[in-house]
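Each chain, letter by letter, is given below.
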Amino acid sequence: MTASILLIRHAAHSHLGSILSGRTPGIALSETGRTQADLLAGALANEPIDCLQSSPVQRACETAAAIAARHPGLAVEPCTALDELDFGDWSGRAFTELAGDARWSGWNTQRSTARAPGGESMAEAQERAWAHVQAMAAARPGARIAMVSHCDVIRALVARVLDLSLDHLLRFDIDPASVTRLAVGPWGAKLTRLNEVCQ
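Everything quoted here is computed from the prediction, not taken from an experiment.

Each value, and the rule that gives it
Residues numbered from 1 in each chain as written. Predicted model: local features only at pLDDT ≥ 70, side-chain atom pairs only at ≥ 80, totals over all residues. Heavy atoms only, no water. Helix = DSSP H or I, 4+ residues; strand = E, 2+ residues; numbered from the N terminus. Rg over C-alpha atoms; globule rule 2.2 N^0.38 Å. Buried < 20%, exposed > 50% of the residue type's maximum accessible area, 1.4 Å probe, protein only. Contact = heavy atoms within 4.5 Å. Areas by Shrake-Rupley, 256 points an atom, 1.4 Å probe, with all protein chains shown as cover. Expected span 1.5 Å × (residues − 1). Arc of directions from axis to C-beta. Phe/Tyr/Trp six-rings, centres within 6.5 Å; stacked < 30°, edge-to-face > 60°. Pairing = 2+ DSSP bridges. Right-handed = clockwise from strand over helix to strand, strands pointing away. Core = buried A, V, L, I, M, F, W, Y, C linked by side-chain atoms within 4.5 Å.

Trainee: Hey, could you run me through the overall build of the protein chain in this one?
Mentor: Across its full length, the protein chain carries six helices and six strands. Going from the N terminus to the C terminus, the protein chain shows its helices and strands as β-α-β-α-β-α-α-α-β-α-β-β. Taken over C-alpha atoms, the radius of gyration comes to 16 Å for the protein chain, in line with the 16 Å a tight globule of 199 residues would show. Dimensions of the protein chain, computed from the C-alpha atoms along their principal axes, are close to 45 × 40 × 25 Å. Burial statistics for the protein chain: of 199 residues in total, 50% are counted as buried. In the protein chain, the share of contacts with a sequence separation of at least 24, taken over all contacts with a separation of at least 6, comes to 71%. For the protein chain, the accessible surface area stands at approximately 8800 Å², while carbon and sulfur atoms represent 50% of it.

Structure (structure tokens):
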């Protein structure tokens, strides 16, 4: 049987678009993000969800909590496989500062081979997340499983399903509080919806 995987990017936070937050603790959803999370939760309220997992990062957990609040009895399960990329020395730095770093330029054009200094490679992040998706689909055939994660992690999973090079991740968007849907089974996997945004 096929499992339905809902890949959900966390809602907006105050660093969005200006600082590479990475796994920095204590970054909560912004007021805009809380509104986005509520809209997302409302859109999913009538959709049965059998399992809800979240990256341990605060902004993801807060987004997952909003979804759980509309599904009585559904608990949020923290999941390190869905964690943000480990950006190492780049964590907490402004994008304007990183723009002058040749390694950052290489990261954004050669994701298949580049590694964040002191951190994780895109391929490693893809492997941990994809192994988890496959394991959950195998363990819960026929289930609808929601996974709250991060932009690049979700991009990496989509790339894996579409057999797209990690070098081409920036060819599609994964917006805050969006839902991307996969069907995963013993036969393989397919992308069924990309970047659904609730207005």
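Trainee: How do you make sense of helix α1 (residues 31-44) when you look at a structure like this?
Mentor: Given 3.6 residues to a turn, an α-helix orients residues that are three or four positions apart in the same direction. Here α1 spans 20 Å end to end across 14 residues, near enough to the 20 Å set by a 1.5 Å rise per residue. Of all the residues in α1, the buried ones are Gly33, Ala37, Leu40, Ala41 and Leu44. Looking down the long axis of α1, one finds its buried residues gathered within 100 degrees of arc, a one-sided arrangement. Residues of α1 that are buried sit in contact with β1 (3-9), α2 (58-69) and β5 (178-185).

Trainee: Is there a simple way to explain the packing of aromatic side chains in this structure?
Mentor: Here a ring pair, both rings aromatic, is described through the centre-centre distance and the interplanar angle of the planes. For the structure shown, the criterion picks out four aromatic pairs. Arranged with centres 6.0 Å apart and planes meeting at 70 degrees, the rings of Phe87 and Trp107 form a pair that is edge-to-face. Highlighted residues: Phe87 in the loop between β3 (76-78) and α3 (95-98) and Trp107 in helix α4 (residues 102-109), separated in sequence by 20 residues. The residues Phe87 and Trp107 share a single accessibility class, namely buried. Note on Trp90 and Trp104: the rings are 5.2 Å apart at their centroids and 90 degrees apart in plane angle, and the pair reads as edge-to-face. On the criterion of sequence distance, the pair formed by Trp90 in the loop between β3 and α3 and Trp104 in helix α4 is long-range, its members being 14 residues apart. Of the two residues examined, Trp90 and Trp104, each falls in the buried class. In this structure an aromatic cluster arises from ring pairing among Phe87, Trp90, Phe95, Trp104 and Trp107.

Trainee: How do you make sense of the pairing of strand β2 (residues 51-54) when you look at a structure like this?
Mentor: On a regular strand, one side chain projects to one face of the sheet and the next to the other, so that they alternate. Residues Cys51 and Gln53 line one face of β2 and the alternating positions Leu52 and Ser54 line the opposite face, and both faces are buried. Of the pairings in the sheet, the one linking β2 to strand β4 (residues 144-149) comprises four bridges and is parallel in character. Following the sheet pairing, Cys51 is matched in β4 by Ile145. Two strands pair when backbone bridges link them, and β2 and β3 are joined in this way by three bridges, in the parallel orientation. Within β3, the residue paired with Ser54 across the bridge is Pro78. Crossover β2 to β3 through α2 is right-handed.

Trainee: Would you explain the nonpolar core in this entry?
Mentor: Generally speaking, nonpolar side chains in soluble globular proteins are found buried as a group. Counting 40 residues, the largest nonpolar core has Ile5, Trp90, Trp107 and Met147 as the members making the most contacts within it. Tallying contributions element by element places helix α6 (residues 151-162) first for this core, with eight residues. Setting aside residues up to four positions removed in sequence, Ile5 forms contacts with Val133, Ile145, Met147, Thr180, Arg181, Leu182 and Val184. Judged by nonpolar contacts, the second largest core, of 20 residues, contains Leu40, Leu44, Leu52 and Ile67.

Trainee: I'm lost on the environment of Gly73 in this one. Help?
Mentor: The residue Gly73 is located in the loop between α2 and β3 in this model. Sequence-wise, Gly73 and Leu166 are 93 residues apart; in three dimensions their C-alpha atoms are separated by 38 Å.

Trainee: Would you take a moment to explain α6 for this structure?
Mentor: For α6, spanning twelve residues, the distance from its first C-alpha to its last is 16 Å, which sits close to the expected 16 Å at 1.5 Å a residue. Judged by how many residues are buried, α6 sits mostly within the fold: ten of twelve residues are covered. Every buried residue belonging to α6 is among Cys151, Asp152, Val153, Ile154, Arg155, Ala156, Leu157, Val158, Ala159 and Val161, and all of these are buried. Those residues of α6 that are buried lie in contact with β1, α5 (122-139), β4, β5 and β6 (188-197). Following α6 by one or two positions, Asp163 has its phi on the positive side, about 55 degrees.

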